[in-house]
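# Close look at the chain arrangement
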Amino acid sequence: MNIASLMNTPPPADATPRPGRIQVIRVQATVLLQGTLSAMEDSVKAFRHMRDVLTGAYAQHRA
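Within any chain, residue numbers begin from 1 and follow the written order of that chain's sequence. Per-residue local features of the predicted model are confined to residues with pLDDT of at least 70, and side-chain atom pairs are confined, for both listing and counting, to 80 or more; whole-chain, interface and lining totals are unaffected and use all residues. Where side-chain values are given, they derive from all heavy atoms of the structure, hydrogens and water being excluded.

## Examining the overall build of the protein
When helices and strands are counted, the protein shows 3 helices and 0 strands. Segments assigned H or I by DSSP are reported as helices when at least four residues long, segments assigned E as strands when at least two residues long, and all are numbered from the N terminus. For the protein, the α and β elements follow one another from N to C terminus as α-α-α. When burial is assessed residue by residue, the protein has 2% of its 63 residues classed as buried. Within the structure as shown, the protein displays about 6400 Å² of accessible surface, and the carbon and sulfur contribution to it stands at 63%. Between buried and exposed lies partly exposed: a residue is buried under 20% and exposed over 50% of the maximum accessible area for its type, with that area taken using a 1.4 Å probe on protein chains only. We get accessible surface area from the Shrake-Rupley algorithm with a probe of 1.4 Å; when it comes to residues, only the shown protein chains can shield them.

Structure follows, in structure tokens:
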């Protein structure tokens, strides 16, 4: 222990408590679920687009 530590008072601890482990897990699960759903929606949209291109469904809209 040095003299400076005796003269200077330590800074106060944060008043806000740290998030619990369960809250962190919930946030991580929510983010992963949102990412999965977004990827699934993009895959469905890409499939429908390619299906329409390959079957000529866009030809009806161009006329």
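## What about the confidence of the model for the protein?
For the protein, the mean per-residue pLDDT works out to 83, and 86% of the residues sit at or above 70. Helix H2 (residues 21–55) holds the highest mean pLDDT among the elements of the protein, 93, whereas helix H3 (residues 58–62) holds the lowest, 64. Each residue carries a pLDDT score, the predictor's confidence in it, ranging from 0 to 100.

## Side note on H2
For an α-helix the count is 3.6 residues per turn, leaving residues at separations of three or four pointing the same way. Under the 1.5 Å per step criterion, the end-to-end length of H2 is 51 Å for 35 residues, consistent within 8% with the ideal 51 Å. Just past H2, the residue glycine 56 takes up positive phi, approximately 80°. Helix span is expected to be 1.5 Å times the residue number reduced by one.

## Brief notes about the pattern of salt bridges
Note on definitions: salt bridges are taken to be side-chain nitrogens of Lys or Arg within 4 Å of carboxyl oxygens of Asp or Glu. Applying the stated rule across the entire model yields 1 salt bridge. Where aspartate 52 meets arginine 51, a salt bridge forms, and the shortest distance between an N and an O atom there is 3.7 Å.

## With respect to a nonpolar patch on the surface
Where nonpolar side chains cluster on the molecular surface, the patch consists of Met50, Val53, Leu54 and Tyr58 and spans about 390 Å² of accessible area. Considering every element that reaches the nonpolar patch, the biggest residue donor is H2, with 3 residues. Within the element layout of this structure, valine 53 appears in helix H2. Using a relative accessible area of 42% as the deciding quantity, one classes valine 53 as partly exposed. Patch building starts from residues that exceed 30% relative accessible area and form no salt bridge, then joins like charges within 9 Å and nonpolar side chains (Val, Leu, Ile, Met, Phe, Trp, Tyr) within 5 Å.

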